[in-house]
Amino acid sequence: MSLTGKHILSCDLFDRDMLEELFLLADLLQPVARGHRVCRVLEGAVLGSLFFEASTRTRLSFDSAFLRLGGAVSDTTGVTVTSITKGESLADTSRVVSGYFDVLVVRHPDEQAVHEIASATHVPVLNGGNGGGEHPTQALLDLYTLRSEFARMGKSLKGSRIALIGDLRHGRTVHSLLRLLSLYEGLTIVCVSPPSLPMPRELLDRAARRGHRIEETDNASVGLKDADVVYATRIQKERFTSTETAFDYSADFRVDGALVNGVCKPEVVIMHPLPRDSTAGANDLSNDLDQDVRLAIFRQTDAGIPTRMALFASVLGVAHQVGSSLRDA
Ligand code: CP
């Protein structure tokens, strides 16, 4: 199935062939992402970047990906600078801005908002994170990174043990990542979280139906034992309701050198979508791993540009022009 003109709201849209095509395109665009080559297949196109929630990586890397392909970007950051504060509905806002742009990237704290916006536009909408729902492009760049880490080591994803640790209930990046991982074969997925912050059952059941082995534990040493991949996530304090308490889970769910060196495989890949919480006592991924070559977090952030470029080129129907449009910088 072609991605041209499609909304990218959930990782459920993708199959293995689509992922392989996107990743090949991302490989081709790597030199453009680094500024070593030029490719202007989006010249004349305009991106509307609508962020109703804080972001560093997602917003700026979407912008950079679009700009590097020759397009222009118009940013709206925060609901307070839109006419939504005057009572305008999301549907009206969406219909209006779809007359201005060729594609929209939307981040919103309400899980449903991105769907409302998509149903009212004439242009494709890319989900840049919808509340505790999904973050499809983060999962694409995570999987792209993971594949390249494994390829470098000559390892196959098949049969690997992947530990997802932290706030798996509110963590939209792990919801999307598990959807993509489920498309592969023979994985052991270990979910390590406080009992009150589990991975949604529906996602676990789906992965199990596809033949993956699923383990759940609230003990980090048990969960990370012999892990090939550790994917740490932040406790999403901002998503807790007033009746819940964001307990300080950090001591039990922090990934640090002692834990990794004590129980994981020696060649483990350590990942995190970032931001990591560096407030006192809350660091979910310890800085003591910062010089460790197994830490892939900045290779993940770098992968955000070529993967988002590949997605833009695909959704806007110019993917086939990329190869012939590459020029020296
Ligand atoms: N990983 C991620 O979504 O980061 P930002 O919130 O900074 O965009």
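Calculation criteria
- Residues numbered from 1 in each chain as written.
- Predicted model: local features only at pLDDT ≥ 70, side-chain atom pairs only at ≥ 80, totals over all residues.
- Heavy atoms only, no water.
- Axes fitted to C-alpha atoms, helices over the stretch in contact; angles between N-to-C directions.
- Helix = DSSP H or I, 4+ residues; strand = E, 2+ residues; numbered from the N terminus.
- Parallel < 35°, antiparallel > 145°, perpendicular 65-115°, else oblique.
- Left-handed = near helix turned anticlockwise from the far one by under 90°.
- Contact = heavy atoms within 4.5 Å.
- Nonpolar A, V, L, I, M, F, W, Y, C, P; charged D, E, K, R; others polar.
- Near = heavy atom within 4 Å.
- Polar contact = N/O pair within 3.5 Å; in protein donor to acceptor, adjacent residues only side chain to side chain.
- Areas by Shrake-Rupley, 256 points an atom, 1.4 Å probe, with all protein chains shown as cover.
- Domains from an automatic or database assignment.
- Buried area = accessible area lost by both parts, 1.4 Å probe.
- Salt bridge = Lys/Arg side-chain N within 4 Å of Asp/Glu carboxyl O.
- Core = buried A, V, L, I, M, F, W, Y, C linked by side-chain atoms within 4.5 Å.
- Buried < 20%, exposed > 50% of the residue type's maximum accessible area, 1.4 Å probe, protein only.

It is at 8 Å that the axes of helix α3 (residues 90–97) and helix α4 (residues 113–120) come closest, and there the two elements cross at 50 degrees. Comparing their axes, α4 and α3 come out oblique. For the crossing formed where α3 meets α4, the hand is right-handed. Contact residues: Leu 90, Ala 91, Ser 94 and Arg 95 in α3; Ala 113, Glu 116, Ile 117 and Ala 120 in α4. Residues that form the contact of α3 with α4 fall into these classes: five nonpolar, one polar and two charged.

The next point concerns the site of the ligand. All residues in the neighbourhood of the ligand are listed as Ser 55, Thr 56, Arg 57, Thr 58, Arg 107, His 135, Gln 138, Pro 273, Leu 274 and Pro 275. Between an oxygen atom of the ligand and a side-chain N or O atom of Thr 58, the distance comes to 2.6 Å. Take Leu 274: an N or O atom from its main chain is 2.8 Å from a nitrogen atom of the ligand. In isolation the ligand offers 250 Å² of accessible surface; the protein chains occlude 91% of this area. The class makeup of the residues in the shell around the ligand is three nonpolar, five polar and two charged. Inspection of the shell around the ligand shows a minimum of three residues originating in each of domain 1 (11–133 + 304–328) and domain 2 (136–301).

Our focus in this paragraph is the environment of Pro 198. Inspection of the secondary structure puts Pro 198 in the loop between β7 (188–192) and α7 (201–209). Look past the residues within four positions of Pro 198 in its chain and what remains in contact with it is Leu 168, Arg 169, Ser 193 and Glu 216.

Turning our eyes to something else, we now look at the side chain of Asp 228. Tracing the backbone through its elements, the reader meets Asp 228 in the loop between α8 (220–223) and β9 (229–232). Within the local environment of Asp 228, its side chain forms a polar contact with the backbone nitrogen of Arg 161, the two atoms lying 2.7 Å apart. Setting aside anything within four residues of it in sequence, one finds Asp 228 in contact with Phe 150, Lys 155, Ser 160, Arg 161, Lys 265, Glu 267, Val 268 and Val 269.

The domain architecture assigned to the chain consists of domain 1 (11–133 + 304–328) and domain 2 (136–301). Averaged C-alpha coordinates put domain 1 and domain 2 at centres separated by 26 Å. Each partner contributes to the interface: domain 1 provides 29 residues, whereas domain 2 provides 26 residues. Between domain 1 and domain 2, roughly 2,300 Å² of surface is buried when both sides are summed, and carbon and sulfur atoms account for 56% of that area. For the salt bridge of Glu 20 with Arg 147, the shortest nitrogen-to-oxygen distance reads 2.9 Å. The interface formed by domain 1 and domain 2 contains 14 residue pairs in polar contact (both at pLDDT 80 or more). Counting only elements with at least two residues in the side of domain 1 that touches domain 2, the list comes to α1 (16–33), α2 (57–68), β5 (125–130) and α11 (297–315).

This paragraph deals with the nonpolar core. Note on soluble globular proteins: their nonpolar side chains tend to be buried together. Among the nonpolar cores identified, the biggest contains 67 residues, and Phe 14, Leu 164 and Phe 312 are the most heavily contacted of them. The biggest single contributor to this core is α1, with nine residues. Split by domain, this core shows at least three residues from each of two domains, domain 1 (11–133 + 304–328) and domain 2 (136–301). Ignoring anything within four residues of it in the chain, the contact list for Phe 312 reads Leu 42, Leu 47, Phe 62, Ala 65, Phe 66, Val 103, Val 105 and Leu 126. By size, the runner-up hydrophobic cluster in this structure holds 22 residues, among which are Ala 232, Phe 253, Val 255 and Ile 270.

Our next topic: helix α6 (residues 172–181). Of all 10 residues that make up α6, 10 are buried, and the element is covered over most of its length. Listed as buried for α6 are Arg 172, Thr 173, Val 174, His 175, Ser 176, Leu 177, Leu 178, Arg 179, Leu 180 and Leu 181.

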